[in-house]
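Notes for the structure review
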Amino acid sequence: MAEILDGKSFSNKILDEIKDRCEREGLKPGLAVILVGDDPASAVYVKMKEKACNKLGFLSKKFKLPADTKEEELINLISDLNNDNEIDGILLQLPLPSHLDSKKMLELISPEKDVDGFHPVNAGKLFTGQKAFIPCTPRGIIELLKEYKIKMEGKNAVVLGRSNIVGKPMALLLLNENATVTICHSRTKNIAEIARSADILIAAIGKPYFVSGDFIKEGAVVVDVGVNRVDSPEEGEKLFDKNSEKLKKIEEKGYVLAGDVNFEQAKEKASFITPVPGGVGPLTIAMLMKNTLESHLRRRGK
Ligand SMILES: Nc1nc(=O)c2c([nH]1)NC[C@@H]1CN(c3ccc(C(=O)N[C@@H](CCC(=O)O)C(=O)O)cc3)C=[N+]21
């Protein structure tokens, strides 16, 4: 039976440390969050980022733009924020409505304020091993593994998923920690078999419960990045056990979060596992705050 990697408690510890430091040193980092359109999940995430800012005493500026925002308006806002001295971090919440080109918009954010680490300059610096803003989710996972003293050096790490936001930077960070890294994706053959070779398995594919128990080697460390919303009872019945709490949640809340990993099956084989919710998600927010503090310090030459 696996030990839980408690991302929620660890992220609270990180947030407390940031808060203490800001109070001690009289720091007030500023984060701007841009939300375009009215995707309900995005609204929830943006609210969580605002809450974290308030808790830490950060300056928080939120920009809620309508779904039909013109490219030019977004360009102007990003440009204003690049020049706003109170702002240390700019986060453009993804996904954007389809008429806006997210690659193009992300490139307009000053790399010095790119606390998401999505700008090609930061991605390139990570690639070449220079100091850079590291994308929050993979950074949080590395810190979580270190917190639990999980050795990465020489271990077989398998990353499921190859996105620019999680999979690719995750693989590079594990490589930096001297793991032997394999990346699997939608065209990979024998994905379960490759996953079973993993000492450390990172699931970042975005399909609820894709990773079943037979993807997992006995004693593996399993990190679940999935935050899939399951909102129909029919889909819930296919995924979860009849008497699962998750089925009740769909009725109560209208949806429930499911990871990429079938937690009930995986926990029987893994040595450590992250839950969903309460695992990687909260760490993403904590790392965003950490990146924003670091940006603030750097911009002030500290
Ligand atoms: N520019 C940009 N940067 C992002 O970092 C970004 C983004 N766009 N778009 C969407 C994804 C998703 N994301 C999450 C953050 C926190 C939780 C989180 O804290 N989840 C809680 C539960 C939240 C709930 O109940 O819905 C948990 O897992 O315990 C999840 C997901 C950041 N993202």
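Residues numbered from 1 in each chain as written. Predicted model: local features only at pLDDT ≥ 70, side-chain atom pairs only at ≥ 80, totals over all residues.

Take the confidence of the model for the chain next. Averaged over every residue, the pLDDT of the chain is 97; the share at 70 or more is 100%. Overall fold confidence (pTM) sits at 0.98, and the ipTM for the predicted complex is 0.97. (pLDDT = per-residue confidence, 0-100.)

Formed by 78 residues in total, the largest nonpolar core has its most connected members in Ala-157, Leu-201, Ile-202 and Val-222. Ranked by residue count, the leading element in this core is helix H12 (residues 280–299), at eight residues. When residues of this core are assigned to domains, at least three map to each of domain 1 (29–109) and domain 2 (136–281). Once residues within four sequence positions are removed from consideration, Ala-157 is found in contact with Met-152, Leu-174, Ala-179, Thr-180, Val-181, Ala-198, Asp-199, Ile-200 and Ile-202. If you look at the next biggest cluster of nonpolar residues, it comprises seven residues, including Val-230, Ile-250, Val-256 and Ala-258. (Core = buried A, V, L, I, M, F, W, Y, C linked by C-beta atoms within 7 Å. Buried ≥ 20, exposed ≤ 12 C-beta atoms within 10 Å, placed from the backbone. Helix = DSSP H or I, 4+ residues; strand = E, 2+ residues; numbered from the N terminus. Domains from an automatic or database assignment. Contact = placed C-beta atoms within 7 Å.)

What follows concerns the pairing of strand S7 (residues 200–203). Along S7, one buried face is formed by Ile-200 and Ile-202 and the opposite face, lined by Leu-201 and Ala-203, is buried too. Across four bridges, strand S5 (residues 156–160) lies against S7 in parallel orientation. Bridged to Val-158 within S7 is Leu-201. By the bridge criterion, four bridges tie S7 to strand S8 (residues 221–224) in an arrangement that is parallel. Residue pairing in the sheet places Ile-202 in a bridge with Val-223 of S8. (Pairing = 2+ DSSP bridges.)

This next bit is on unusual backbone geometry. That bond from Leu-94 to Pro-95 is cis: its omega, 0°, falls within 30 degrees of zero. Inspection of the secondary structure puts Pro-95 in the loop between strand S4 (89–92) and helix H4 (102–108). The amide bond that connects Val-276 to the next residue, Pro-277, takes the cis arrangement and shows omega of -5°. Residue placement: Pro-277 occurs in the loop between strand S11 (272–273) and H12. A positive phi angle is found at Lys-149, which is not glycine, with a value near 55°. Within the secondary structure, Lys-149 sits in the loop between helix H6 (136–147) and S5. In this structure, Asn-190 is a non-glycine residue whose phi angle is positive, near 55°.

As far as domains go, the chain holds domain 1 (29–109) and domain 2 (136–281). A straight line from the C-alpha centre of domain 1 to that of domain 2 covers 28 Å.

Another point: the site of the ligand. In the neighbourhood of the ligand, 18 residues make up the surrounding shell, with Leu-94, Val-227, Pro-277, Gly-281 and Thr-284 lying closest. When contributions to the shell around the ligand are tallied by element, the ones reaching two or more residues are helix H2 (40–56), S4 and H12. Per-element tally for the shell around the ligand: the top contributor is H12, with four residues. When the residues that make up the shell around the ligand are grouped by side-chain class, the tally is 13 nonpolar, four polar and one charged. Looking at which domains feed residues into the shell around the ligand, each of domain 1 (29–109) and domain 2 (136–281) gives three or more. (Near = placed C-beta within 6 Å. Nonpolar A, V, L, I, M, F, W, Y, C, P; charged D, E, K, R; others polar.)

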